[in-house]
Amino acid sequence: MKVIAVISGKGGVGKTTFTVNAALALAQRGKRVLVIDLDPQNALRLHLGMDPGDVAGFVREGIAPGTIFDSPFAVKFIPFGSVTSIELEEFEAALKAHPFWVHNCVQALDVRAFDFVILDTPPGPSVYLQQALHAAQSAIAVVLADAASFATVPQILSLVEQYTKQHTDFQGVNLVINQMSEQGQLGHRVRAAIHENYPALVVPVAIHRDPAVSEALACARPVLHYEPGCRASLDIQYVADWLLTSENE
């Protein structure tokens, strides 16, 4: 069972959309995938067809076989859950007091039940990022080809190093460029700068900006299910193949 944390230095980079679709691409390749939403925005469930009015989630119910939801897309998931501000404060305080809680819960799952467990995290430094990196064997940082996102890369890499320095089986972090536009020189310059500064870390395909992605979310479906032949879907399929090839090296 491989545990992967999906992280980002800033919001608005399409991290949750990437998480859901990468999970679906792995499932389409015959892998058993569980996605756990560690982001208080509780948005992952909306990509996977969960009733928006359902308040269930691991904050109240924990991470366990009984809290796992089935989706219509061959991906299982555990939502964050809808909570009050007081419940959230109490939960975050408990996470700070027990920094390996997610790790321990994930390891208590039946390791034979899943090939991949993917942890979706909120952007920037947080107790959830720390929990995810303590639990994961690798991380994927989602970035945009813009100056603001590029500027966050050193910080997110520093946080990964900080939270995993005692983690002997952590295999490293990779960068995936999302929402890449084919128009405009700035994006291509930033993409080139990312490759130049972090050549060993960049996933060898960028995911292109595609209107089908937002259309799919409006229909509460992953874009790989909504429009499997669109540019973004094909790019994500490539990322899934890259992940599986990397696992076998």
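Remember, it's a predicted structure, so these values are computed and weren't measured experimentally. (Residues numbered from 1 in each chain as written. Predicted model: local features only at pLDDT ≥ 70, side-chain atom pairs only at ≥ 80, totals over all residues. Heavy atoms only, no water.)

S.K.: Any chance you could break down the overall build of the protein for me, citing the residues and the numbers?
M.R.: Counting secondary structure elements, the protein contains 11 helices and 7 strands. Against the globule reference of 18 Å for 249 residues, the protein gives a C-alpha radius of gyration of 17 Å, in line with a compact fold. For the protein, the spread of C-alpha atoms along the three principal axes comes to 45 × 40 × 40 Å. Counting all 249 residues of the protein, 52% fall into the buried class. In the protein, 77% of the contacts between residues at least 6 apart in sequence involve partners at least 24 apart. (Helix = DSSP H or I, 4+ residues; strand = E, 2+ residues; numbered from the N terminus. Rg over C-alpha atoms; globule rule 2.2 N^0.38 Å. Buried < 20%, exposed > 50% of the residue type's maximum accessible area, 1.4 Å probe, protein only. Contact = heavy atoms within 4.5 Å.)

S.K.: Hey, could you go over the packing of aromatic side chains for me, with residue numbers and the actual values?
M.R.: Summed over all chains, the structure comprises 7 aromatic pairs. Members of the aromatic cluster, each reached through a chain of ring pairs, are F58, F80, F91, W101 and Y128. (Phe/Tyr/Trp six-rings, centres within 6.5 Å; stacked < 30°, edge-to-face > 60°.)

S.K.: Go over the pattern of salt bridges, please, and point to the residues and values.
M.R.: In this structure the tally under the stated criterion is 8 salt bridges. Salt-bridge contacts for R32 lead to D115; the nearest nitrogen and oxygen are separated by 2.9 Å. Here R32, found in the loop between α1 (15-28) and β2 (33-37), pairs with D115, found in the loop between α5 (101-108) and β5 (116-120); they are 83 residues apart in sequence, far enough to count as distant. Overall, R32 belongs to the partly exposed group, its relative accessible area being 39%. Among the residues examined, D115 registers a relative accessible area of 23% and is labelled partly exposed. Between R231 and D235 there is a salt bridge, with the nearest N and O atoms lying 4.0 Å from each other. Of this pair, R231 and D235 are both found in helix α11 (residues 231-248), 4 residues apart, which corresponds to roughly one turn of the helix. Judged by relative accessible area, R231 falls into the partly exposed class, the value being 39%. Since its relative accessible area comes to 7%, D235 is described here as buried. Shared partners join several salt bridges into a network, and the residues in it are K15, D39 and D120. (Salt bridge = Lys/Arg side-chain N within 4 Å of Asp/Glu carboxyl O.)

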